[in-house]
Amino acid sequence: MLIESKRDLVIFCNDIADAPALFLDTEFVGEGRYYPDIGAIQVGTPDVAALVDPIAIPDLSPLLELLANENTIKVFHAANQDLAIFYRLMGRAMRPIWDTQLAAALLGSDEQIAFVNLVERLTGKRLRKEHSFTNWLQRPLAAGQVEYALDDVRYLIPVYEEQRRQMEELGRLDWATEEFARLERDETWAPADPTTLYLRIRNVDRLNGRTLAILRELVAWREDTARNDNIPAGRIARDEVLVELARRPPPDARHLRDIRGLTAQQADRYGRQMIEAVVEGGRAAPPPAPTRQSFPSAMEPTVDFLFVCLRSLAVEKSVATGMVATRGDMSQLAVRGEEADIALMRGWRRKAFGDDLLATLEGKATARIIPETREVHLEWRRD
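This report concerns the structure included in the present document. Every chain begins its residue count from 1, and numbering advances along the sequence as written. Restriction of local features to residues with pLDDT of at least 70 applies here, the model being predicted, together with a cutoff of 80 or more for giving and counting side-chain atom pairs; totals for whole chains, interfaces and linings are based on all residues. Side-chain descriptors were evaluated using all non-hydrogen atoms of the structure, hydrogens and water having been removed beforehand.

The next subject is the overall build of the protein. On a plain count of helices and strands, the protein comes out with 17 helices and eight strands. Contacts in the protein between residues at least 24 apart in sequence constitute 62% of all its contacts with a sequence separation of at least 6. The Shrake-Rupley method, run with a 1.4 Å probe, gives the accessible areas here. Residue values count only the displayed protein chains as cover. For the protein, the exposed area adds up to about 20,000 Å²; of that, 47% sits on carbon and sulfur atoms. Under the counting rule used here, the positive set is Lys and Arg, the negative set is Asp and Glu, and His together with the chain ends is not counted. Taken as the charge centre is NZ of Lys, CZ of Arg, CG of Asp or CD of Glu, depending on the residue. Put simply, the protein has 50 plus and 60 minus side-chain charges, and the middle of one group is 5 Å from the middle of the other. Secondary structure follows DSSP: runs of H or I at least 4 residues long count as helices, runs of E at least 2 residues long count as strands, and numbering of each begins at the N terminus. By the convention used here, residues are in contact when the closest approach between their heavy atoms is within 4.5 Å.

Printed below as a string of structure tokens:
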């Protein structure tokens with residue numbers, strides 16, 4: 001079903017208003033934009049599936065009101081980009097959520113498993129992908145495009161049902177609820193404060209003083225400009241260009257052409273604003289220098305062993321390793337133990353993995369390779 005009028009959208013939303021779960025996907029074009037342009041919204045239930053045309057229907061309020069219902073589960077695959085789009089449309093986070101990609105990782109699949117692979121694994125059906133590179137902003141949409149898009153919600157249904165069955169069988173529904181809670185919080189999707197984004201620049205911990213203040217101002221200016229002009233921040237200036245400007249501030253816009261990595265077009269279009277940001281940063285009080293994290297090289301083997309134990313436990317419990325912790329987390333655990341400020345020390349991760357890894361730090365785990373299978377086996381000293 002293709003919905004191209006608000007009248008039909010109202011009828012459709014009324015028809016599915018009592019559904020306990022809605023199966024959702026979006027098609028969008030993000031290239032060359034800060035905010036992606038949405039070209040299609042697919043909505044399904046076990047009884048019906050529809051593609052809502054947001055270009056033909058600028059007022060999506062009937063659908064958005066339906067999606068705001070907190071008594072209805074909203075099911076996505078790899079929900080992050082979809083939820084960011086809906087946050088902008090709704091002005092709030094959607095809840096409750098079920099993300100089949102996250103759920104798959106909690107059941108032992110790869111953390112980034114593609115929907116087509118997940119569908120084939122759980123249903124045996126191989127979805128067609130001939131419209132993967134469709135321009136979803138172009139009209140009219142062909143019948144094949146509509147059917148391709150609708151398959152993405154039709155097959156969400158058996159995937160969700162099978163995942164929920166497995167979660168209940170393994171006693172992991174609370175794991176899923178805990179993971180999905182992050183997706184349901186407004187702060188997850190609210191725009192970041194531009195004045196803090198300089199902290200994400202690579203090697204920012206090597207800068208300090210006036211250089212850091214100028215970089216903070218430049219990054220904030222770039223972010224505001226990207227949002228206002230709806231273009232990728234990197235199209236305005238790359239990170240390394242802003243770092244160079246902060247380290248060696250040019251006296252005026254004419255000297256910007258001497259900055260390696262800054263094109264003449266960028267210098268001409270944004271030069272005056274860049275210089276203003278440099279001057280403003282030079283006047284501002286320097287922010288505190290970011291703390292450099294030092295790690296004793298003698299503890300690298302400890303981290304190696306902890307990571308071996310983590311991976312072995314993840315295989316044993318059929319959970320994707322990356323869903324539990326990273327090697328960086330193991331470094332923090334090795335240094336700070338139970339005081340490490342990492343997800344591993346909280347919630348289901350702590351109960352299922354964290355306590356065992358803390359026991360490993362106390363010398364209570366031994367790892368050996370089973371010769372017949374060449375798999376790693378952990379043995380525990382219980383006392």
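Moving on: the side chain of R172. The topology assignment puts R172 in the loop between helix 7 (156–170) and helix 8 (173–183). Accessibility here uses a 1.4 Å probe with only protein chains present; expressed as a share of the type maximum, an area under 20% marks a residue as buried, one over 50% as exposed, and anything in between as partly exposed. What counts as a salt bridge is simple: a side-chain nitrogen of Lys or Arg found within 4 Å of a carboxyl oxygen of Asp or Glu. Buried and unpaired, R172 has no salt bridge, with D174 as the nearest side chain of opposite charge at 7.8 Å.

The subject of this paragraph is unusual backbone geometry. The omega torsion across R95 and P96 is -5 degrees, close enough to zero to call that bond cis. You can see P96 is positioned in the loop between helix 3 (80–90) and strand 6 (97–99). Across the junction of R139 and P140, the peptide omega takes the value 5 degrees, indicating a cis bond. For P140, the location among the structural elements is in the loop between helix 5 (115–123) and helix 6 (143–154). The phi torsion at N203 lies on the positive side, around 65 degrees, for a residue other than glycine. Mapped onto the elements, N203 comes out in the loop between helix 9 (186–189) and helix 10 (209–229).

Let's shift gears to the nonpolar core. Here, the term nonpolar core denotes a set of buried Ala, Val, Leu, Ile, Met, Phe, Trp, Tyr and Cys residues that are joined through side-chain atoms within 4.5 Å. Counting 89 residues, the largest nonpolar core has V43, M94, M330, L333, L344, F353 and L357 as the members making the most contacts within it. The element best represented in this core is helix 14 (residues 300–317), accounting for six residues. Beyond its immediate chain neighbours, meaning those up to four positions away, L357 contacts L306, C309, L310, L313, M330, L333 and L344.

This part is about the sheet that holds strand 4 (residues 49–52). Whether two strands pair comes down to DSSP finding at least two bridges between them. Spatial strand order, 1-4-3-2-5-6: six strands in an open sheet with mixed pairing. Bordering the open sheet on either side are strand 1 (2–3) and strand 6, each of which pairs with just one other strand. The axes are straight lines fitted to the C-alpha atoms, using for helices just the contacting stretch, and the angles between their N-to-C directions are given from 0 to 180°. Contacts from helix 7 reach strand 2 (21–29), strand 5 (73–76) and strand 6, with the element oriented near 110 degrees to strand 5.

Turning our eyes to something else, we now look at helix 1 (residues 6–15). Buried within helix 1 are the following residues: L9, F12 and C13. The arc enclosing the buried residues of helix 1, seen along the axis, measures out at 95 degrees, which places them on a common side. Structural note: helix 1 exposes R7, N14 and D15 on the side pointing more than 90 degrees away from its buried face. Picture the helix axis, draw a direction to every C-beta atom, and the arc is the one those directions span.

Attention now moves to the pairing of strand 7 (residues 365–370). Sheet topology places strand 7 next to strand 8 (residues 375–380); six bridges connect them, and they run antiparallel. Across the sheet, residue T366 finds its bridge partner in strand 8, namely E379. The loop that links strand 7 with its antiparallel partner strand 8 comprises four residues; one of these, R374, has a positive phi angle of about 60 degrees.

Two elements in contact, helix 14 and helix 16 (residues 327–336), have axes whose closest approach is 9 Å; the angle formed by their N-to-C orientations is 120 degrees. Compared by their axis directions, helix 14 and helix 16 come out oblique. Regarding helix 14 and helix 16, the two cross each other, and that crossing is right-handed. Contacts between helix 14 and helix 16 pair E300, T302, V303, D304, L306, F307 and L310 from the former with R327, M330, S331, L333 and A334 from the latter. Angle categories are assigned with fixed cut-offs, so that under 35 degrees is roughly parallel, over 145 is roughly antiparallel, 65 to 115 is roughly perpendicular, and the rest are oblique. By convention, the crossing between two helices is left-handed when the near helix turns anticlockwise from the far helix through less than a right angle, and right-handed when the turn is clockwise.

Position of V153 among the secondary structure elements: in helix 6. For the pair V153 and Y35, spaced 118 residues apart in the sequence, the C-alpha separation amounts to 23 Å. Not counting residues up to four positions away in its chain, the partners in contact with V153 are F23, L24, D25, Q42, V43, G44 and A49.

Our next topic: the environment of I41. With respect to the helices and strands, the residue I41 is situated in strand 3 (residues 37–44). Among the residues examined, I41 registers a relative accessible area of 0% and is labelled buried. On a C-alpha basis, the gap between I41 and C13 in space is 13 Å, while along the polypeptide they are 28 residues apart. Setting aside residues up to four positions removed in sequence, I41 forms contacts with D25, T26, A50, L51, V52, P54, L60, L63 and F86.

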